[in-house]
Every structure is written in C-alpha cells, then in structure tokens.
Amino acid sequence: MKEPVDFIIENARIVTPEGTLDGASASIRQGRLYKIRDGFIGNGGARIDADGSWLLPGLIDMHSDALEKDIEPRPNAFFPLDIVLYELDKKLAACGVTTIYHSISFAEDEIGVRSNRMAAGIISTIRDRAERLHVRTRVHARFEITDGAAMPELESLLENGKIQLLSLMDHSPGQGQFREVVSFRNYYQAVYGKTDEEIRAIIDRKRKARSHVKANIERIVQSCRRFGVPMASHDDDCRDKIEWLCEQGIGITEFPVNLDALRAAREKGLYVCLGAPNIVRGNSQARNLSARDAIMEGCGDILCSDYAPMSILHAVFMLDGLGILPLHRAVNMASLLPARSLGIAGETGSLEEGKAADLVLVRNDGGIHRVQKTYIGGREIFRHA
C-alpha cells in the first residue's frame, strides 16, 4: 500500500471533542493529524477547500448486524461471503464509518447465519481478508448464553486474537427484549420467516438450557479477561442485571430496554450503547426504550448502527437539529466514546493532533447530510461523485 500524501483541509467546520471550529484548517502528515487551527495553515502539501463542510472524526460502529443481513438478505438466500465483505466495505466508507466491529452471533440453529460453525467460519474469513479491506475491520462476537456448544469455538477464536469485543445476549422470551412470548413469535416470524413449530423448538431448547447458563457465563467471562477482550451485555432490563455486569467487570450495556436499567447503568458508570436507527426513526423497533428519551435523560454514551450503517451519521445531525445535544457531543457518541469503551481512543476516535487521520467530510445537501470524502490514516477511501 502506498504511503499517504500530506495535505491540508481548509475552510472547514472542524468538530473536535470540545466544540466546532468554523473556518478552520487541519494539516495531515504521514497519515496523522499534525495541526488543527482556526483560519489557515501555511505549508504542508496539497490543499483541499472544504467550502464550509463539516470535518468529523471517522465513525466507529461497535455493533452492526449488517454483514449477517447482507449474507442472508432473505430467508435461506445466501450470498458468497467474499462478495458481501467487499461490497459492505464500500458501503461503510460511503456512510462515514472508518472502524467497524462486525457483529457475528453464536446461537446454534436459531436463525439464518447464526450457527456456531458458520459464525466461526465468517470470523476467520474476516480476519483473513481484513488487510485487503479499506475500513478498519474488527469482530464483535455475540454469545447467546443458552448455547453452551459455542464455547469451544469462542475460546479458540479468543485465544487466536480473532475477536475484539464479546457481548452476552439472551433472547429467551420472558425477559430482555422479548418480555412476552407473543413478541418473540411475532419478531421471528416477521423478520426470519420462522414457523410456529420452529419457534416452539427454539423456545424449548432455550428453556432446557437455562440450568447451564451460569456456568456458560462464568467460563466465557474468564476467557475474555484472560485475553484482554472488552465485554458488553445486550438488552438489559433491570437494575439487578446492571449491578451483576459491574461485578463481572463488563463495562458496556447495549440497548437497555427501560429507564430502570438505563439509570442504573448511569449510576454505575457503564457505557450505554444505543441504536442510531432508534434515533432516526423516533422509536424502538421492539417498542422498548426510545433512544432520544434516553439521551435527554443524560444516559446515552454510544451510538451504533445496529442493522443500518447509514443511520449513524444522520442520527448525529438529528440530535443536533432537534436540540437534544450540541453537534460535538453527538459526534462524540459516534466516535470518541465508542473508542474509549473499546480501548482504541489513543489511536482514533477524535480530531486531535497526533491521532490517525480518520476523517469524514460532510455537506448539508438540501437538508440531508451527505458524506463527501472519507479518509482512513490519511488515505482517501471514498469520494462522492
């Protein structure tokens, strides 16, 4: 790969962790942010006139199911993984995402691609292809805690450095996202085309496996600690669960489903990850907690795409436009705070001198915010026509 060229972006609205600098310039040298200044910067290579566009840090998406959705866009219609990886890589760059944590689920015989053997194969392929992708590509393994059979695969992948984030999830009806069996059934029938008989079989397996859940969790938590992999929990629904996360050293809660869990997470200092689609659409797909309400409560830290890569950028500007957060704080939710929660903030996640030049140039085009250019390590990887 060629060395990045030095250049200056000038006449930009540069969004830093503390605020926005209007009419400012950023100098990039050897792939890193060298200077950020009000006004113009002198010598430093080629010059790019931003013409008043926003310059943001590259977005960091710590939870995205888009890869699973693109592999199997319809029930039992599968596309080759190599094609999906390369095409999704382009889509992510066009959405301003510069670091992606592909969420791969270990939930044997549950839905679509969520089988242990397929999940492990997907992760191995991602790691094999990562150097040929433009976006910084990492793996978020999601472990369904009723699936003890996944443990050997997960432990092997952790030991070999193929997982950079692991989350615990429990989709058993009666708690979490699915507080009632009917909501579980409706979701799996609508999204994954499951029959009543298939849904009953899934529920029966989960109920029979409940006696092993505690041992499964203890074992996987120990493995993550041993290999220094950060952990998250999914769809937490009460204060007791949040307190248990703290006891286990789990620092992130994803999509808490009610205000009780949300407020407990804030009190305990956990990072709270919310879905950007929830912000853009104005409500939760599962009719759980509104992400806008959570942020207005002062309880949201991180935005992720969940299932829609396009949503993060629009959620950021929507939070500003609705007066919920000033732009720089909304941007921090999509860049600096996920970077901190994942231990990569020393390298990327904000426009600060010395960090990697992971940049997104954004223009307001008739009320819609559109990515004009995306850079990773000072290299342009996307340009709007």
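Look above for the structure.
Bear in mind the structure is a predicted one, so any value in this text is a computation, not a measurement. Every chain begins its residue count from 1, and numbering advances along the sequence as written. Since the coordinates come from a predicted model, pLDDT governs what is reported: local features require at least 70, and pairs of side-chain atoms require 80 or more to be given and counted, while whole-chain, interface and lining totals use all residues. Each side-chain value is derived from all of the structure's non-hydrogen atoms; neither hydrogens nor water enter the calculation.

Structural notes on the overall build of the chain
To keep it simple, the criterion reads: For helices the rule is a DSSP run of H or I covering at least 4 residues; for strands it is a run of E covering at least 2, with both sets numbered from the N terminus onward. Burial classes follow relative accessibility: with a 1.4 Å probe on protein chains only, a residue under 20% of its type's maximum area counts as buried, one over 50% as exposed, and anything between as partly exposed. Contacts are assigned to residue pairs with any non-hydrogen atoms lying within 4.5 Å of each other. Accessible areas in this description were obtained via Shrake-Rupley with a 1.4 Å probe; residue shielding takes into account the shown protein chains only.
The helix and strand inventory of the chain stands at 14 helices and 16 strands. Per-residue burial over the chain gives 56% buried out of 385 residues. Long-range contacts, defined as pairs at least 24 residues apart, comprise 64% of the intrachain contacts of the chain with a sequence gap of at least 6. When the accessible surface of the chain is summed, it comes to about 16400 Å², and 46% of that surface belongs to carbon and sulfur atoms.

Some words on the packing of helix 4 (residues 151–159) against helix 7 (residues 213–227)
Filter applied, for reference: Each axis is a line fitted through C-alpha atoms, and for a helix only the stretch in contact is used; angles between axes span 0 to 180 degrees, taken between their N-to-C directions. Note on terminology: angles under 35 degrees are roughly parallel, angles over 145 are roughly antiparallel, angles of 65 to 115 are roughly perpendicular, and the others are oblique. Three categories are distinguished: nonpolar for Ala, Val, Leu, Ile, Met, Phe, Trp, Tyr, Cys and Pro, charged for Asp, Glu, Lys and Arg, and polar for the others, with Gly belonging to the last.
Across the interface, helix 4 lies against helix 7 with an axial gap of 10 Å and an inter-helix angle of 10°. Classified by the angle between their axes, helix 4 and helix 7 sit roughly parallel to one another. Together, M151, P152, L154, E155, L158 and E159 of helix 4 and N216, R219, I220, S223, C224 and F227 of helix 7 make up the contact between the two elements. Looking at the contact of helix 4 with helix 7 residue by residue, the classes come out as 7 nonpolar, 2 polar and 3 charged.

Concerning unusual backbone geometry
Glycine aside, negative phi is the norm for most residues, and most peptide bonds take the trans geometry. Not every positive phi belongs to a glycine, and Q30 is a case in point at roughly 50°. Positionally, Q30 belongs in the loop between strand 2 (19–29) and strand 3 (32–38).

What about the sheet that holds strand 13 (residues 302–304)?
Put simply, the rule reads: Strand pairing is defined by DSSP finding a minimum of two bridges between the two strands.
Taking strand neighbours across the sheet as the criterion, the 8 strands line up as 6-7-8-9-10-11-12-13 in an open arrangement whose pairing is parallel. Strands at the two margins of the open sheet, each flanked by one partner only, are strand 6 (59–64) and strand 13. Neighbour-to-neighbour, the strand axes of this sheet turn through a mean angle of 25°, independent of strand direction. Bridge count for strand 7 (residues 97–106) against strand 8 (residues 136–144) is 8 bridges, and the pairing is parallel. Bridge assignment links Y101 to a residue of strand 8, and that residue is R138. Across the sheet, helix 8 (residues 239–248) lies against strand 9 (165–169), strand 10 (231–234) and strand 11 (252–254), angled at about 145° from strand 11, the strand it touches most.

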